[in-house]
Amino acid sequence: MRVVRAWLGKGVAILRSSLKVTRSFINSCRFLQNGSPDDTQETVFRLSELLSEQNLVKHVVKDYRNVYPEIMKRAARTFEQVFGLKLVEIDSKHHTYILINNLEAADRPPPVQCPANPKLGLLFVILGVTFMKGGVVRENVIWNTLKKLRVDSGEKHEEFGDVKRLVTEEFVRQRYLEYVRIPHTEPMEHEFRWGQRADMEVSKAKILEFMGQLHEQDPQSWTQQFREAQSSSSSQR
Amino acid sequence: MKKSRRNEEAPRQNGSTGRGRAGQRQNDEVQAGPEASRAGLPEESDDNDLGRRREIRSKYRDLINTVQQNREDMLSPATDKLTEVLEEANKLFKDVRRAREAALDAQLLVVATDLGKEKASQLFSEGSAFDPTAFAEHLLSFMGLNRLEDGDDDPQNGGGADGYLPRDAWHRLSRRAECCFRTAPSFHYMMGSFHAEPPAPKQKTERQRKAPSKEAKRIMPTQLKKMEESHQEATEKEVERILGYLKMYYEEDPTSPISYYEFVIDPNSFSRTVENIFHTSFLIRDGLARMYLDGDKLPCIAPVEEGDIEAASSSSRKQCIISISLKTWKELIDTFEIKDSIIQPPESQNE
């Protein structure tokens, strides 16, 4: 009887702590997403951060670290059932997570329009070109394309600042892109690939659809890319 | 001799037989070396030899440069430039005797085969080709590029002579691209946030005191909505009337800034002053008037030109909270020496 009660007690404690953790988890998500406890217009322009186990344990879980996996499991379930967000482990070595939206995008515009993050447009261009070129592209192709869009990697851009750093460091750190050195190149060159996070978060089918609209072509006319988009969207579910 | 066999070799393809050739060459090189030393070349040919070798090395370096610099050109299926380069290298190799030149040849091969691989991958892609240049052009149109008619216009906003991008170009693209991303929504307050801290301390300047605290953000007090619904028409009329006063005052002397406090304060009635502040905030909200700080960091107000109203609606607006108390109101009247109100009280209203 006592044992049962002890277990119940522990269960309640876990539940309570998981609720507490979830709440503070959400708070810390917000903290990590916005970079500051309060909210100003500026912070909406940050891309959402990666959540690392280390940070979570240090700032949120603290004393409950021995039931950390249980807490994570419950938090993930809450996120999924209540908010429609999927908690995905993006790096199994360092235990980093991201939150992605599990819900289908509504056809009508959202009720609360937050200002669009211009960095998203830049990321879209890079991911789009990389995808259409078969998934790997030499960095020069990207820099040249961006230059045509008045974004020069060598100069400071009005909207993006240090573009080279944004693309090769920030986007890579966020796991949206991979920036890999090509061997035997002199001077040293790199190629871009899709990062793990892009694989999970970005819909190739939707990119192809947009491409179709821009070029006034049927998306299916790009047969290889279309096939790739079909197979990747089935794996994303 | 092995060399003659090499000449009868099949014509080179884009790097597909690379490894085989390199292997064969190594054998040639090894053969040539001892032979040359055994022959005991006379001194004259030694000098010629050095010169010739230098020439060969230089030509190899040129070829390598050509491949590296003209990548785009060589990749195009329309040209046979890559084959030409390889044929050139073949000719050069005939005279190669030493390891140093052979190493350069190997380097050229590596660069060329890499290019060859790229070219081959182009061959295998079915369906439509994707051209990043065309893509960029379409994007520019989508983002609302204004192509200038005459080339004489000054380029603005970092555009070249062929048009400039509007300020919200990247926002437009991002808005459209958003649907491709399954990002979790970030948290932000719906109605803007209140700073819970006490208002910033009043700054005392030499001449005047800045009386009420002005927060960096402005929001409409939530009370407003209720008033709006019940007294909508009356409020609208008032706001329009006040806009009329503002414009009239501004027209009298467009160059001199209108002090905000002078504008809203009615030295005869505190409640009227508060109402003026309230109605003026509507003008600001709708972008019909704008507030700014002048050289002394005092707030000023000015009407927005007709043409600018459209542009202003897309740029971000700042919010701020203004508070005023009876005491502050009196201080303002004394400080600014306000004798009468700019905004005349409406005749019909009951005080």
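Residues numbered from 1 in each chain as written. Chains lettered and ligands numbered in written order. Predicted model: local features only at pLDDT ≥ 70, side-chain atom pairs only at ≥ 80, totals over all residues. Heavy atoms only, no water.

## Describing the overall build of chain B
Along chain B, the regular secondary structure elements total 14 helices and three strands. For chain B, with 351 residues in total, the buried portion stands at 33%. Nonlocal contacts in chain B, meaning residues at least 24 apart in sequence, comprise 70% of its contacts between residues at least 6 apart. Accessible surface, chain B: about 22,300 Å² in total, of which carbon and sulfur atoms supply 50%. (Helix = DSSP H or I, 4+ residues; strand = E, 2+ residues; numbered from the N terminus. Buried < 20%, exposed > 50% of the residue type's maximum accessible area, 1.4 Å probe, protein only. Contact = heavy atoms within 4.5 Å. Areas by Shrake-Rupley, 256 points an atom, 1.4 Å probe, with all protein chains shown as cover.)

## Comments concerning the sheet that holds strand β3 (residues 299–303) of chain B
All names here are of chain B. The antiparallel open sheet is built from three strands, whose spatial order is β1-β3-β2. A single partner strand is all that each edge strand has here, and the edge strands are β1 (258–259) and β2 (289–293). The pairing of β2 with β3 spans five bridges and is antiparallel. The residue bridging Leu293 from the neighbouring strand is Pro299, located in β3. Its contacts with the sheet place helix α12 (residues 270–285) against β2 and β3, and it is angled at close to 100 degrees to β2. (Pairing = 2+ DSSP bridges. Axes fitted to C-alpha atoms, helices over the stretch in contact; angles between N-to-C directions.)

## Brief notes about the confidence of the model for chain B
Residue and element names in this part refer to chain B. Averaged over all residues, the pLDDT of chain B equals 73, while 62% of them reach at least 70. Across residues 1–44, confidence stays below pLDDT 50; counting only partners more than four residues off in sequence or on other chains, it has 35 contacts. This stretch, residues 150–161, has a pLDDT under 50; its non-local contacts, to residues over four places away or in other chains, come to 11 contacts. For this predicted complex, the interface confidence score (ipTM) comes to 0.72, while the overall pTM stands at 0.48. (pLDDT = per-residue confidence, 0-100.)

## A look at the packing of aromatic side chains
A full pass over the atoms with the stated rule returns 12 aromatic pairs over all chains. When the centroid spacing of 5.8 Å and the interplanar angle of 80 degrees are considered together, the rings of Trp143(A) and Phe192(A) count as edge-to-face. Of this pair, Trp143(A) sits in helix α5 (residues 139–148) while Phe192(A) sits in strand β8 (residues 189–194), and the two are 49 residues apart along the sequence. For Trp143(A), a relative accessible area of 10% puts it in the buried group. By way of ring pairs, the aromatic residues Phe124(A), Phe210(A) and Phe142(B) are connected into one cluster. One Lys or Arg, Lys204(A), reaches over the ring of Trp194(A) and ends 4.5 Å from the middle of that ring. The ring of Phe210(A) carries the charged tip of Arg176(B) above its face, separated from the ring centre by 4.3 Å. (Phe/Tyr/Trp six-rings, centres within 6.5 Å; stacked < 30°, edge-to-face > 60°. Lys NZ or Arg CZ within 6 Å of the ring centre and 35° of its normal.)

## Let's talk about helix α4 (residues 118–132) of chain A
All names here are of chain A. With 15 residues, α4 extends 21 Å from end C-alpha to end C-alpha; this agrees with the ideal 21 Å at 1.5 Å per step. Summarising burial for α4: 14 of the 15 residues are buried, a large majority. For α4, the capping residue at the N-terminal end is Asn117, with a side-chain oxygen 3.0 Å from the backbone nitrogen of Lys119. Count one or two residues on from α4 and you reach Gly134, which has phi positive near 95 degrees. (Expected span 1.5 Å × (residues − 1). Polar contact = N/O pair within 3.5 Å; in protein donor to acceptor, adjacent residues only side chain to side chain.)

## Some points on the nonpolar core
Core analysis: the biggest nonpolar cluster contains 49 residues, and Phe124(A), Val125(A), Leu149(A), Val167(A), Phe135(B), Trp170(B) and Phe181(B) have the highest contact counts within it. Breaking this core down by element, the ones donating at least two residues are α4, α5, α6 (163–173), β8 and α8 (204–215) of chain A together with α7 (132–142) and α8 (169–177) of chain B. Broken down by element, the residue count for this core peaks at 10 residues, all from α4(A). Beyond its immediate sequence surroundings of up to four residues, Trp170(B) is in contact with Pro118(A), Gly121(A), Leu122(A), Val125(A), Leu149(A), Val151(A), His157(A), Glu159(A), Phe160(A) and Met143(B). Ile277(B), Ala289(B), Leu298(B) and Ile342(B) belong to the second largest nonpolar core, which has 28 residues in total. (Core = buried A, V, L, I, M, F, W, Y, C linked by side-chain atoms within 4.5 Å.)

## Things to note about the confidence of the model for chain A
Per-residue confidence for chain A gives a mean pLDDT of 76, with 72% of residues at or over 70. Low pLDDT, under 50, characterises residues 31–47 of chain A; the predicted model gives this stretch 46 contacts beyond four residues in sequence or across chains.

## Comments concerning the pairing of strand β2 (residues 85–91) of chain A
Residue and element names in this part refer to chain A. Burial runs high along β2: five of the seven residues are buried. Strand direction decides the pairing type here: β2 and strand β3 (residues 96–101), joined by six bridges, are antiparallel. Counterpart to Leu85 in the pairing with β3 is Asn101. Linking β2 back to β3 in an antiparallel pair, the connection comprises four residues, with His95 at a positive phi of about 55 degrees.

## Focus: the side chain of Thr328(B)
All names here are of chain B. Note that Thr328 resides in helix α14 (residues 326–336). Note on Thr328: relative accessible area 12%, which makes it buried. A polar contact is formed between the side chain of Thr328 and the side chain of Ser325, at a distance of 2.6 Å.

## A few points about α12(B)
In an α-helix, one turn spans 3.6 residues; hence positions three or four apart end up facing the same way. Residues and elements named next belong to chain B. Taking 1.5 Å of rise per residue, 16 residues should cover 22 Å, and α12 covers 23 Å from first to last C-alpha, within 8% of that figure. Among the residues of α12, Arg272, Thr273, Asn276, Ile277, Phe278, His279, Thr280, Phe282, Leu283 and Ile284 are the ones counted as buried. Note on α12: the residue one or two positions beyond its end, Gly287, has a positive phi of about 75 degrees.

## Structural notes on the packing of α4(A) against α8(A)
Residue and element names in this part refer to chain A. Running from N to C, α4 and α8 cross one another at 95 degrees; their axes reach a closest spacing of 11 Å. Taken together, the axes of α4 and α8 are roughly perpendicular relative to one another. Along its contact with α4, which presents Phe124, Gly128, Phe131 and Met132, the element α8 presents Lys204, Ile207, Leu208, Phe210 and Met211. The residue makeup of the contact of α4 with α8, split by class, is seven nonpolar, one polar and one charged. (Parallel < 35°, antiparallel > 145°, perpendicular 65-115°, else oblique. Nonpolar A, V, L, I, M, F, W, Y, C, P; charged D, E, K, R; others polar.)

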